[in-house]
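Take a look at the letters that make up each chain.
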Amino acid sequence: MQFYCESLTEYKRLKTKEVKIGDLLLGNPDGYRGHPIRVQTMTTTDTMDTLATVEQSIRCIEAGAELVRITAPSKNDAGNLLYIKSELRKRGYYTPLVADIHFTPNAAEIAARIVEKVRVNPGNYVDKKKFELIEYSDADYAEEIDRIRERFTPLIKICKEYGTAMRIGTNHGSLSDRIMSRYGDTAMGMVESAMEFLRIARNESYHNIVLSMKSSNPQVMVQAYRLLVKTMFDEFAECYPLHLGVTEAGDGEDGRIKSAVGIGTLLEDGLGDTIRVSLTEDPELEIPVCKDLVKRYDSQQSTVDSSRPIPAIDKLSYDPFRYQRRETFEVDNIGAKHVPVVIADLSKIEKISATQLESVGYTYDEATDKWNISDAAADYIFTGNQILDFALPGTLKVIVYPETWQKAAKASPVGGGLVGAKYFPIYQDSGYVESAIKSDQTNFVMIDCFNDGADSFTYLDQLANDLTVVLCLSSTNNNAMQSVRRMYVELINRGIKNPVINITDSPDNNREQTADEHLIHFATENGGLLLEGFGDGICLGMTSKSYSLLASSYKQLNATGRNYSNNLTIEQFINSTSFGILQATRTRISKTEYISCPSCGRTLFDLQETTAKIRSRTNHLKGVKIAIMGCIVNGPGEMADADFGYVGSGTGKITLYRGKEIVKRNVNSEVAVDELINLLKESEAWLEPG
Ligand code: SF4
């Protein structure tokens, strides 16, 4: 084990214990490939509605779910799992079922006799949350653990007797008052919350356990899983399988990006034995996203690139358990304290016109002769060898190849602006070092990390600390993210402080890929770097082949009516993915953030419809975090760090929150969205659209 995973320089899955869930085996006991990474989802129907739950479960299974979770909020619901299970078996479906338990040990003890797995939340299995901060002496703390042991042990005994598996599933938003008092709202608190339960289970020689550390903030979630692995290994010299997920990720493009950033980063580390992508959409729609995330590790991409090995990391020069942005100097608006920039690759457009800049956030208004600039407007465009024949918006700059840059420098002004002043050259590392002509302001310099093995270090010292150089790191290595990360380690070790752009090309894989596959690739590769604090900008691109293949799959996607990518050009899709990744990693906020639960049998209103309604009224409120939660039982706890909360509190009733404070209780649902807007206005978080 290296720090918290098997390897930081190649994909290697963490060795974990084998867990049996009905007939399904999970984990990586041989420490090589192990059992496949299992994909799962959760029903959203009322558990007491047997037929609806059975039918939804079947849709999930048909989509490929290998486990189906069903909420069991009460003893009655837990008991009804028996009818659901037998109806599924009658119809020929043997997929293991998981009962989801919060607050009700009695329900857990019933469910554990019926279904193949129970999920307990250590934050609320025994404790009732009162949001109190209490000073615990060591003796008080030990007494609390005894209380947990007493209440939790009966469930363990039932699980042992019935061969039932268990997930100890910590959620960042629902840590107990005890944990919050001692550890605060931290990754370590999440880990300790699960470890308290795990130690009790091990003492009972019960090992059929999976663990999870979910949060709606991918940064927190990634740190917590890593810390959990390290803690388990340090304490037990072995690890239990991990169930990965980002909670309340939302829907559409944002939900997919957020999930891929969190889950993908950990999968790249070789962590994760089963995954669930929580979307505020029908549960069967989560499965293709899970499959796209997991299949990356069955392919060539995940194998060691023996011809181009990445040098091992002997000394880890950053903290993988704590976010800290790498220290850089500033080159123009890149690096230092600037938010990461977005570079849009427009080089595949044959003749770039002013109208095409709309796809990257700039709209020209002929009447006023002005550019409108959106919050998600690219900072730079890469045009290859094109010099544009129209005046550019004031904030936009152009990156071109060196010969074109020299021509641009001599070109006559367009629309009153000096062309050359807005153009900057991009070189290969050797090309830059050997070139006699360079920009005295900004030079972009490409390094293909470990394409030639350790030769990638050849030019580093010559580029180092040249105050005009922005490094552009990319990799064609099978372990692309790991090789770029390895280069960052080298930069830190050598004291090189040039800002860096992460360049990610989506491979064509010799087949047509959907927009979702590209999106997951981009989010996974960049999430892994940005969450470490690595990256002063991003540039997402595609090979010519994948670009033309996507154009055809786009047609299909639009035909399915999937709202988030309808009618987007490929450049728009990439630009919005870029800003989505920066938002999900919380490195650059450009839009409203929605934390919406995926819904389940407890949900008290139509979450998908309400989320869409709230989004349509508030999506211009950059940086405001709005939680939309289906029930008052778990919703408030799981809203994490939302600024405002819209929470179902009874049939047709909504309770509104400002942070954790209730401000409007049991509002009629017909007027609740208007009341939310009023609350935003009262709280000075509202801006009129436009
Ligand atoms: S917050 Fe949403 S997903 Fe969580 S228990 Fe409540 S309704 Fe279900």
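Everything numeric in this text was worked out from a predicted model, so none of it was measured.

## Regarding the overall build of the chain
Next, step 1: Helices and strands together make up the secondary structure of the chain, namely 19 helices and 25 strands.
Next, step 2: A compact globule built from 690 residues would reach a C-alpha radius of gyration of about 26 Å, and the chain, at 26 Å, matches this within 12%.
Next, step 3: C-alpha atoms of the chain, sized along the principal axes, occupy 80 × 55 × 55 Å.
Next, step 4: Excluding contacts between residues fewer than 6 apart, the proportion of contacts in the chain whose partners are at least 24 apart in sequence is 69%.
Next, step 5: With an accessible surface of roughly 25900 Å², the chain has 50% of that area assigned to carbon and sulfur atoms.
Next, step 6: Separation of charge centres in the chain, based on 76 positive and 93 negative side chains, amounts to 3 Å.

## Considering empty space enclosed by the protein
Next, step 1: Following the criterion strictly, the structure yields 7 cavities of 30 Å³ or more and no others.
Next, step 2: Lining the largest cavity are 25 residues, and of these Asp-100, His-102, Glu-248, Pro-598 and Glu-638 lie nearest its centre.
Next, step 3: Secondary structure elements with two or more residues in the lining of the largest cavity: strand E4 (67-71), strand E7 (165-171) and helix H18 (635-638).
Next, step 4: Considering only residue class, the lining of the largest cavity consists of 6 nonpolar, 10 polar and 9 charged.
Next, step 5: Estimates place the volume of the second largest cavity at around 130 Å³.

## So, the packing of aromatic side chains
Working definition: an aromatic ring pair is given by the centre-to-centre distance plus the angle between the planes.
Next, step 1: One pass over the structure, following the stated rule, counts 14 aromatic pairs.
Next, step 2: Through successive ring pairs, a cluster of aromatic residues spans Tyr-125, Phe-152 and Phe-197.
Next, step 3: The ring of Tyr-141 is capped by Arg-178, whose NZ or CZ atom sits 5.9 Å from the centre of that ring.
Next, step 4: A cation sits over an aromatic face here: Arg-494 above Phe-457, 5.1 Å from the ring centre.

## Remarks on the packing of helix H8 (residues 252-268) against helix H14 (residues 515-530)
Next, step 1: In the contact formed by H8 and H14, the axes pass within 7 Å of each other and the chain directions differ by 50°. The angle between H8 and H14 falls in the class oblique. Of the two elements, H8 crosses H14, and the hand of that crossing is right-handed. For the pair H8 and H14, contact is made by Glu-253, Arg-256, Ile-257, Ala-260, Val-261, Gly-264, Thr-265 and Glu-268 and by Asp-516, Leu-519, Ile-520, Ala-523, Thr-524, Glu-525, Gly-527 and Gly-528, respectively.

## Thoughts on the pairing of strand E24 (residues 653-658)
Next, step 1: For strand E23 (residues 644-650) and E24, the ladder comprises 6 bridges, and the chain directions are antiparallel. Considered in E24, the bridge of Tyr-646 is made with Leu-656.
Next, step 2: Connecting E23 to the next strand, E24, in antiparallel fashion are 2 residues, including Gly-652 with a positive phi near 70°.
Next, step 3: Examined bridge by bridge, E24 and strand E25 (residues 661-668) share 5 bridges and lie antiparallel to one another.

## What to know about unusual backbone geometry
Next, step 1: One non-glycine residue with positive phi stands out, namely Arg-586, at about 60°.
Next, step 2: Among the structural elements, Arg-586 can be located in the loop between helix H16 (570-584) and strand E21 (593-596).
Next, step 3: Residue classification places Arg-586 among the partly exposed residues on the basis of a relative accessible area of 22%.
Next, step 4: The phi torsion at Glu-684 lies on the positive side, around 55°, for a residue other than glycine.
Next, step 5: Tracing the backbone shows Glu-684 in the segment after helix H19 (669-682).

Calculation rules
- Residues numbered from 1 in each chain as written.
- Predicted model: local features only at pLDDT ≥ 70, side-chain atom pairs only at ≥ 80, totals over all residues.
- Heavy atoms only, no water.
- Helix = DSSP H or I, 4+ residues; strand = E, 2+ residues; numbered from the N terminus.
- Rg over C-alpha atoms; globule rule 2.2 N^0.38 Å.
- Contact = heavy atoms within 4.5 Å.
- Areas by Shrake-Rupley, 256 points an atom, 1.4 Å probe, with all protein chains shown as cover.
- Lys, Arg positive; Asp, Glu negative; His and termini not counted.
- Charge placed at Lys NZ, Arg CZ, Asp CG, Glu CD.
- 1 Å grid on protein atoms, 1.4 Å probe; cavity = no way out; pocket = protein on both sides within 12 Å on 5 of 7 lines; lining within 4 Å.
- Points joined across faces, edges and corners; volume = space filled by probe spheres on them.
- Nonpolar A, V, L, I, M, F, W, Y, C, P; charged D, E, K, R; others polar.
- Phe/Tyr/Trp six-rings, centres within 6.5 Å; stacked < 30°, edge-to-face > 60°.
- Lys NZ or Arg CZ within 6 Å of the ring centre and 35° of its normal.
- Axes fitted to C-alpha atoms, helices over the stretch in contact; angles between N-to-C directions.
- Parallel < 35°, antiparallel > 145°, perpendicular 65-115°, else oblique.
- Left-handed = near helix turned anticlockwise from the far one by under 90°.
- Pairing = 2+ DSSP bridges.
- Buried < 20%, exposed > 50% of the residue type's maximum accessible area, 1.4 Å probe, protein only.

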